[in-house]
Amino acid sequence: MKQKFSVSGMSCTACSSGIERAVRRLEGVTQADVSLMGEVMTVDYDETVLTKEIIFDTVIKLGYGISDYDENVLKERKAQPDVLKKRFFLSLIFLLPLMYFSMGAMVGLPQPSEIFSVSAQMLLALAVIIIDFKFFTSGAKALWSRSPNMDTLVALGSGVSFVYSFVFTLLLYLGKLEEHFHLFYESAAMILCLVTLGKWLEEKSKRKTGEEIEKLIKLMPNTVTVERGGLESKCEFSQIAVGDVLIVKQGEYIPVDGKIIEGRAFIDRAAITGESLPIEAQEGDSVTGADIVKSGYIKVLAEKVGANTTLSQIVKMVKEAGASKAPIQKTADKIAGIFVPAVSLIALVTFFVWLVISHDIALSANYAISVLVISCPCSLGLATPVAVMAATGKGMSLGILYKDAEALQKTKDVNCVLLDKTATLTIGAPNVTDFALLHGDAVFALQVAEGIENRSNHPIAECIKAYARARLGARSAIETESYFYETGKGATASYQGNTYRLGNRRLLTKIEENTTKKYETEYSKQGKTVVFLAENEKLLAVFAIADTLKEESATAVAELKKRNLRVAMLTGDNENVAKAIAAQAGIDEYFAEALPKDKAAAVARVRSVGGNVAMVGDGINDSPALKAADLGVAMGNGTDIAIDSADVVLSRGDISLVATMIDLSKAAVRNIHQNLFWAFFYNCVAIPVAAGVFAFAGITLNPMIAAACMSLSSLFVVSNALRLTRFANKKELKEKESGEMKKILKIEGMMCQHCVAHVTKALSAVAGVIAVDVNLKKKTATVELSETVSEQTLIAAVTDAGYEVKNVS
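All residue numbers here refer to positions counted from 1 along the written sequence of the relevant chain. With pLDDT at 70 or above as the cut-off, local features in this predicted model cover only qualifying residues; side-chain atom pairs require 80 or more to be listed or tallied, and sums for whole chains, interfaces and linings still use all residues. Excluding hydrogens and water, the side-chain values take into account all heavy atoms of the structure.

> How would you sum up the overall build of the chain? Please name residues and give values.
Along the backbone of the chain there are 29 helices and 28 strands. With the C-alpha coordinates aligned to their principal axes, the bounding extent of the chain is approximately 130 × 65 × 60 Å. Counting only residues that meet the buried cut, the chain has 52% of its 809 residues in that class. Throughout, a contact is declared for two residues whenever any of their heavy atoms are within 4.5 Å. Residue pairs at least 24 apart in sequence account for 69% of intrachain contacts in the chain once pairs closer than 6 positions are excluded. About 36100 Å² of surface is accessible on the chain, with carbon and sulfur atoms providing 56% of the total. Secondary structure elements follow DSSP: runs of H or I no shorter than four residues count as helices, runs of E no shorter than two count as strands, and numbering proceeds from the N terminus. Residue exposure (1.4 Å probe, protein chains only): buried if accessible area is under 20% of the type maximum, exposed if over 50%, otherwise partly exposed. For the accessible areas, the method is Shrake-Rupley and the probe is 1.4 Å, while residue cover comes only from the protein chains on display.

Right, dumping it as structure tokens:
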């Protein structure tokens, strides 16, 4: 049985490692993993041998809190009380007068009698210890359970300083001191105060690594409007059930996954897909929780609620990825596990060595306490998890979902990317790309074609109907008669005594073969399917149909090549189609007519010659290859099976994110290496300095400075990891650097590449426009301007070209 628990009170990896060791020692436990950043423990145990209560008791005895894990990932995190902040400022109130009594004489400040001064220092230091007594209780429990942690070191350092000073204070009261002895009351208090300050700042920084997730969770409304029995009413978000009809107005967030049953709206999907441009949605379209209605009014039928929504799945995936351990972290965890005992031994050796050398108890204690305080298991333990959490959170905001820390780490090693064709490189649906009129009137030909295809639900029929409707506008299709469909050939119908055929060459047996062969050969070379329209024995028109390349595919492939990655395409289509699409995308290698097992075999072949393969796909037929690859990457608009088989999910199905996915992985691993280097370097240098190894050169530390160094070390690691939250992909950087003015037009009526050409030409002719990028799939035109151009001017240009502008942003 595998079960999750929430664990609180951990401050460093020594804490999480200690809990892991203690729980793993329990009879019946197969595996136990604790995430410091996620504050989650996952235990695989035999419930017939071990009970949950025993696990709770074990963790509580170590000095930590434990509770059942809340599976409601959309539950907003409660604001944590600033206990550390309060403790720091309370400690500071007592520390400042303590510093006056202990060090005021050094700068010439008036001082009371020695007895009064020492008594005041003792009481003030005791007050600080009482305020920060959590260090002592936590450290002692961990030590008693043979799992010492950072709190153990801090408690030892402060406690030894206070006890040492207290002993000499008693001797002073008893008149047994014949000479002045240095006391460490100020060190005992300063250690606690500085470490509390460091932990408070560290906690604030760590919270920022999870901000991307919290932003998503906060999108969910507390109450929603529900229509039941024809009446509108308000209900709690948590009370929404499948089948409820939700009313969503302008400016409101859609709370669940569902389908629009009434209304029309422009919807911003940026929270889920990262797309900044709103899309138009109407009755029958699907919507996702966290989409926002920018304008309009819709009624949504709830299909997925609670933990089943897309938002819940994304948040769960990102939280689990942030809480998982990267392979690189295992070595650091092992070192952190023995760190505290090793440092305690070093401090003990330091004390006796200096006592033998100097015969000075105060000096020996100074060095020993400094060793205890300056050593930092926190920086070592936080080096990996804070970077992982920051990177996975940033990836989510970009539309990249790493399923775990291992996926994040191994993405950087990819040197070969295999791309599926359909719905990955291409749109995934057939479109009319070319229309050639051979005889007669184009309007009449299109009306006949639409009239015939209105009786069919074939995918090719659907795209011919869509093309005809777009070109015909308000003109309606011709009502044909005697419709007959021949499997594998096409359809025949009649109108006003004439027979019309719409299909492939085999349907047109009596028509001159040279003409039909010519078009079929020409378009087949381009990977297109040819559909002929004939009237009796006369060829009227030719439609060329293809699954066209996505707008961003060629650019995405070019970006991958810039990174010296080998890029190849896998497809089940024939040689001509594969060759044409590969050429358009800029891909030199391709595998045509590949079955699912062939795709998996292709992955294995590339791996056998040293390729570290990322397979990118979206369908069920890609699942074997996704599993076989070193890294499986699923398009977010793909099948559930493909997504389950993958290590990384691109939530908006944008292939240009593949390059960003690799860049972010490299940045994250580089950040982890920097953190680990700093953690090892800091401890390797700081501990010898604190132990007085360089005292001969006049380089020494006192416990107060040692405490400050320790706090700054942890803070450095967390702050360095936070730089990942400012990661920007190449496209974002280019846009920021260019400083050019841009406008994005949402355009209705574009159906083919001819439409794209018309809109591009119209907008390019406008004065002040320096570049136009028309996206047929998204129905947008992005216009770059060298000077201010009014929206009305741009709208007029598009309208004059015969299209409608719905929105300008």
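Resuming the write-up.
> Which residues make up helix H29 (residues 791-800), and what values go with them?
Listed in full, the buried residues belonging to H29 are Leu 794, Ala 797 and Val 798. Along the axis of H29, the buried residues cluster in a sector spanning 95°; they form a single face. Among the exposed residues of H29, those pointing more than 90 degrees away from its buried face are Gln 792 and Asp 800. Structurally, H29 contributes buried residues whose contacts are with strand E25 (741-748), helix H28 (753-764), strand E26 (769-775), strand E27 (780-785) and strand E28 (804-808). What the arc describes is the spread of directions from the helix axis to the C-beta atoms.

> So what's going on with the packing of helix H17 (residues 442-453) against helix H18 (residues 459-472)? Residues and values would help.
Between N-to-C directions, angles cover 0 to 180 degrees, with each direction set by a line fitted to C-alpha atoms, over the stretch in contact for helices. Relative orientation of the contacting elements H17 and H18 amounts to 140°, with a least axis distance of 9 Å. Between H17 and H18, the angle is such that the two are oblique. Relative to H18, H17 is oriented so that their crossing is left-handed. Along its contact with H17, which presents Val 443, Leu 446, Gln 447, Ala 449, Glu 450 and Glu 453, the element H18 presents Ala 461, Ile 464, Lys 465, Tyr 467, Ala 468, Arg 469, Arg 471 and Leu 472. Among the residues forming the contact of H17 with H18, the class breakdown is 8 nonpolar, 1 polar and 5 charged. To sort the angles, those under 35 degrees are grouped as roughly parallel, those over 145 as roughly antiparallel, those from 65 to 115 as roughly perpendicular, and the leftovers as oblique. Left-handed describes a crossing whose near helix is turned anticlockwise from the far helix by less than a right angle; the clockwise case is right-handed. Classification used: nonpolar for Ala, Val, Leu, Ile, Met, Phe, Trp, Tyr, Cys and Pro, charged for Asp, Glu, Lys and Arg, polar for all others including Gly.

> Residue-level account of the pairing of strand E23 (residues 631-635), with values.
For E23, the tally of buried residues reaches 5 of 5 residues, placing the bulk of the element in the interior. Taking every second residue as pointing to the same face, both faces of E23 are buried, with Leu 631, Val 633 and Met 635 on one and Gly 632 and Ala 634 on the other. Here, strands pair whenever DSSP counts at least two bridges between them. Of the pairings in the sheet, the one linking strand E22 (residues 613-617) to E23 comprises 4 bridges and is parallel in character. Residue pairing in the sheet places Val 616 in a bridge with Val 633 of E23. In this sheet, strand E24 (residues 648-650) lies alongside E23 in parallel orientation, the contact comprising 3 bridges. Along E24, the bridge assignment pairs Met 635 with Leu 650.

> An account of the packing of aromatic side chains is needed here, citing residue identities and associated values.
Describing an aromatic ring pair means giving the distance of the ring centres and the angle of the ring planes. Put simply, two rings from Phe, Tyr or Trp (the six-membered ring, in Trp's case) pair if the centres are within 6.5 Å, and we call them stacked under 30 degrees between planes, edge-to-face over 60, tilted for the rest. Using the criterion set out here, one finds 23 aromatic pairs in the structure. Ring centres 4.9 Å apart and planes at 50° place the aromatic pair Tyr 164 and Phe 168 in the tilted group. Of this pair, Tyr 164 and Phe 168 both sit in helix H6 (residues 150-173), 4 residues apart, which is roughly one turn of that helix. Under the relative-accessibility criterion, Tyr 164 is labelled buried at 11%. Three or more aromatic residues joined by ring pairs form one cluster here, namely Phe 677, Trp 678, Phe 681, Tyr 682 and Phe 716. Note that Arg 87 overlies the ring of Phe 135, its terminal NZ or CZ placed 5.2 Å from the centroid. Placement of a charge over a ring requires the Lys NZ or Arg CZ to be within 6 Å of the ring centre, with the centre-to-atom vector within 35 degrees of the ring normal. Here the basic side chain of Lys 518 rests over the ring of Tyr 519, its NZ or CZ set 5.3 Å away from the ring centre.

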